[in-house]
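Overview (structure and organization)
Okay, here's what each chain looks like letter by letter:
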Amino acid sequence: MINANLIVIGAGPAGYTVAAERANAGEKVILIDYAFPGGTCLNRGCIPTKCLAASAEVMLTASEAASFGISVGEVKVDYPAVVKRMETIVEGLRENVRSTIAPCKFVWGQARILPDGTVGIGDEVYSAPKVLIATGSRPAALPIPGEELTINSDGVLQLESLPASMAIIGAGVIGLEFASIMAAFGVEVTVIEYLKEVLPPFDKEVAKRLRTMLTRRGIKFILGAAVTSVSQESDSLKKVTYAGKNGDESVIAEQVVMAVGRRPVVPEGLAEAGIEVDRRGYIVTDNAMRTTRPGFYAVGDCNGKLQLAHAATAQAHVALGADVDLNAIPAAVFTYPEAAMVGLTTEQAEKSGIAFRSAKALYAANGKAQAAGQADGMLKILYAADTRRIIGCHIVGAHAADLIQEAATAIVANLTIDDLTVRTVHSHPTLSEIFTSIK
Ligand code: NAD
């Protein structure tokens with residue numbers, strides 16, 4: 001048996017970050033994974049998709065070069081080069097992670113929880129007073145006929161060439177990010193969504209505005225449509241059938257992408273060790289990320305609270321005793337343009353019964369946005385009617401994912417709308433001045 005101060009199962013953004021921090025603080029830390037450290041985020045998620053999104057943005061900017069008075073000739077995508085760039089960046093960051101976790105003992109392998117609360121990998125047994133489970137999630141698939149003809153987010157990242165057309169099932173974060181990227185590269189994209197609006201967790205007004213902007217970029221949306229099957233239409237084309245407003249309808253595309261959420265990945269042996277999971281398979285945890293077995297914590301996608309890399313890292317810090325405000329976690333979708341949110345949506349605020357007001361500002365009134373040719377966008381702030389404290393912020397427009405951070409800080413610091421928009425001076429000319437022009 002090998003003893004340690006802390007065992008971390010899963011070397012994604014939650015696992016490797018706190019494992020390295022505790023090891024640097026002098027603790028003996030065992031970090032376990034059966035895949036490259038970095039998790040979904042680095043290897044199959046956030047980072048590779050942001051590399052593709054960056055190439056897509058260059059493509060769009062180059063296509064609009066003439067409107068800036070710049071002549072660039074024909075704009076073409078060299079997709080193998082786009083993929084190579086993505087792989088080079090991911091490999092470089094993997095190297096960073098490898099050096100970050102150097103102070104830990106990293107063990108390659110599949111960890112299982114043993115009934116006595118130790119952790120087994122192959123024939124070896126590890127023991128520690130604290131075990132952090134950070135095993136993440138994997139793409140979900142609809143159990144429909146022809147599901148095997150579809151690819152998921154992992155599959156999209158492995159494409160070596162661009163299809164002429166792509167049907168995406170699900171208008172969540174993953175569906176919209178790939179729709180935005182692929183449309184920029186000239187792929188004919190159709191998104192089929194079960195609900196009546198895209199991006200379910202976002203403020204409806206922002207989601208609708210983003211959909212309108214993406215529609216203007218040529219992406220086709222079919223809403224209120226439950227996909228029922230996928231079939232092979234010809235050698236190179238597939239047919240996606242859905243129950244829509246007029247009964248059964250279909251979309252034909254070369255590639256079909258399934259983007260209907262993610263399911264938890266958990267180690268073996270949880271039930272025998274007294275660690276409860278809910279009916280969807282997520283590990284049950286309290287607000288301190290404690291599982292139902294003392295000494296065991298579960299953080300990130302595998303506990304089902306919030307499937308975001310930075311939320312996972314924040315939860316891991318909470319599990320190890322840090323003071324982190326988990327009520328103001330920003331979320332962003334890296335479409336072109338971006339959308340981002342923090343705090344309550346209008347719909348949540350209405351439901352909660354809080355007396356609140358909302359104020360808005362348009363990118364069009366911002367000099368920097370106009371100069372950059374990115375004047376289409378909106379910012380909306382919700383604040384309590386009595387205390388004037390900010391309770392939510394929603395942005396759709398250029399650099400929304402960066403701008404939202406100011407509102408996140410304001411919520412954590414209990415600032416009022418006046419603190420943010422009047423007392424705080426914003427430099428000129430910047431997009432951040434949008435906060436000062438709300439009405
Ligand atoms: P999601 O839950 O965000 O969206 C899935 C969508 O599929 C929903 O809108 C749902 O209504 C729709 N859907 C389900 N069944 C359907 C059917 N039969 N027909 C048509 N539509 C159907 O899931 P996702 O987009 O796959 O993302 C998974 C997770 O990964 C999310 O929690 C997301 O927040 C996270 N993620 C975050 C980022 C980011 O922060 N930028 C990026 C990628 C993924």
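These remarks concern the structure in this document.

Across its full length, the chain carries twelve helices and 23 strands. What you see for the chain is a C-alpha radius of gyration of 23 Å, in line with the 22 Å of a compact globule of 439 residues. Projected onto its principal axes, the C-alpha positions of the chain cover 65 × 65 × 45 Å. Within the chain, buried positions represent 51% of all 439 residues. For the chain, the share of sequence-separated contacts (at least 6 apart) that also reach a separation of at least 24 residues comes to 63%. For the chain, the exposed area adds up to about 20,000 Å²; of that, 52% sits on carbon and sulfur atoms. Side chains of the chain give 40 positive and 46 negative charges; the mean places of these two sets differ by 4 Å.

The geometry of helix α1 (residues 13–24) relative to helix α8 (residues 309–319) is characterised by a closest axis approach of 8 Å and an angle of 40 degrees between their N-to-C directions. One finds that α1 runs oblique with respect to α8. In this structure, α1 crosses over α8, and the sense of that crossing is right-handed. Contact with α1, carried on its side by P13, A14, T17, V18 and E21, involves A309, A312, T313, A316 and H317 of α8 and no other residues of that element. Across the contact of α1 with α8, the residue classes tally to six nonpolar, three polar and one charged.

Right, let's get into the sheet that holds strand β3 (residues 29–33). As summarised here, the arrangement of the five strands in space is β4-β3-β2-β8-β18, forming an open sheet in which the pairing is parallel. Each end of this open sheet is capped by a strand with a single partner; those strands are β4 (105–108) and β18 (296–298). Pairwise comparison of adjacent strand axes, ignoring direction, gives a mean angle of 20 degrees for this sheet. Inspection of the sheet shows β3 paired to β4 by four bridges, in the parallel sense. The partner of I30 across the bridge, within β4, is K105. Across the sheet, α1 touches β2 (6–9), β3 and β8 (130–133), and the angle it forms with β3 is around 160 degrees.

Taken together, 23 residues surround the ligand, and among them I174, E177, E193, G261 and A332 come closest. Taking E193, its side chain carries an N or O atom lying 2.6 Å from an oxygen atom of the ligand. The separation between a nitrogen atom of the ligand and a polar main-chain atom of Y194 is 3.1 Å. Relative to its unbound accessible area of 850 Å², the ligand is 80% covered by the protein chains. Tallying contributions element by element places helix α6 (residues 173–184) first for the shell around the ligand, with three residues. Among the residues forming the shell around the ligand, the class breakdown is 16 nonpolar, four polar and three charged.

So, on to the pattern of salt bridges. As a working rule, side chains carrying opposite charge can pair if their charged atoms are close by. Applying the stated criterion across every chain yields a total of 15 salt bridges. Its salt-bridge partner being R290, residue D286 comes within 2.8 Å of it at the nearest N-O pair. The class of D286 is partly exposed, set by a relative accessible area of 27%. Across the pair R388 and D418 runs a salt bridge, and its minimum N-O distance is 2.8 Å. Separated by 30 residues along the polypeptide, R388 in the loop between β22 (378–384) and β23 (390–396) and D418 in helix α12 (residues 417–423) bring together distant segments of the chain. Sharing partners across several salt bridges, the network here consists of E91, R94, E95 and R98.

A separate point is the sheet that holds strand β12 (residues 220–222). Here four strands make up an open sheet; going across it, the order is β12-β11-β10-β16 and the pairing parallel. With partners counted over all chains shown, the strands left at the sheet margins are β12 and β16 (255–258), one partner each. Strand-to-strand twist across the sheet, computed as the mean angle between neighbouring axes with direction ignored, equals 20 degrees.

Within the element layout of this structure, G186 appears in the loop between α6 and β11 (188–192). Taking relative accessible area as the criterion, G186 reaches 62% and is therefore assigned exposed. As a C-alpha pair, G186 and G218 span 32 residues in sequence and 9.4 Å in three-dimensional space.

Reading guide: rules and limits
All residue numbers refer to positions counted from 1 along the written sequence of the respective chain. Local features are withheld for residues below a pLDDT of 70 in this predicted model, meaning they are given only at 70 or higher, and side-chain atom pairs are given and counted only at 80 or more; totals for whole chains, interfaces and linings count all residues. Heavy atoms throughout the structure, all of them, feed into the side-chain values; hydrogens and water do not. Strands are runs of DSSP state E lasting at least two residues, helices are runs of H or I lasting at least four, and both sets are numbered from the N terminus onward. In this setup the radius of gyration rests on C-alpha atoms only. A globule is expected at 2.2 Å times the number of residues raised to 0.38. Summary of the burial criterion: residues with accessible area below 20% of their type's maximum are buried, those above 50% are exposed, and those between are partly exposed, where the area comes from a 1.4 Å probe applied to protein chains only. We call two residues contacting when some pair of their heavy atoms lies within 4.5 Å. Computed by Shrake-Rupley with a 1.4 Å probe, the accessible areas treat only the displayed protein chains as cover when residues are assessed. The charged-residue count follows a simple rule in which Lys and Arg add positive charge and Asp and Glu add negative charge, with His and chain termini not counted at all. To locate a charge, take atom NZ for lysine, CZ for arginine, CG for aspartate or CD for glutamate. Orientation is described by lines fitted to C-alpha atoms, with helices fitted over the stretch in contact, and by angles between N-to-C directions that extend from 0 to 180 degrees. Should an angle lie under 35 degrees it is considered roughly parallel, over 145 roughly antiparallel, and from 65 to 115 roughly perpendicular; all remaining angles are considered oblique. When the near helix sits turned anticlockwise from the far one by under a right angle, the crossing is termed left-handed; a clockwise turn instead gives a right-handed crossing. All residues other than Ala, Val, Leu, Ile, Met, Phe, Trp, Tyr, Cys, Pro, Asp, Glu, Lys and Arg, Gly among them, are scored as polar; the first ten of these are nonpolar and the last four charged. By the convention used here, strands pair only if DSSP detects at least 2 bridges between them. The near set for a molecule or strand comprises every residue that places at least one heavy atom within 4 Å of it. Polar contacts here mean pairs of N or O atoms no more than 3.5 Å apart (in protein, one a potential hydrogen donor and the other a potential acceptor; neighbouring residues in sequence count only if both atoms are side-chain atoms). Throughout this description, the term salt bridge denotes a Lys or Arg side-chain nitrogen within 4 Å of a carboxyl oxygen of Asp or Glu.

Keep in mind these numbers describe shape, not what the thing actually does.
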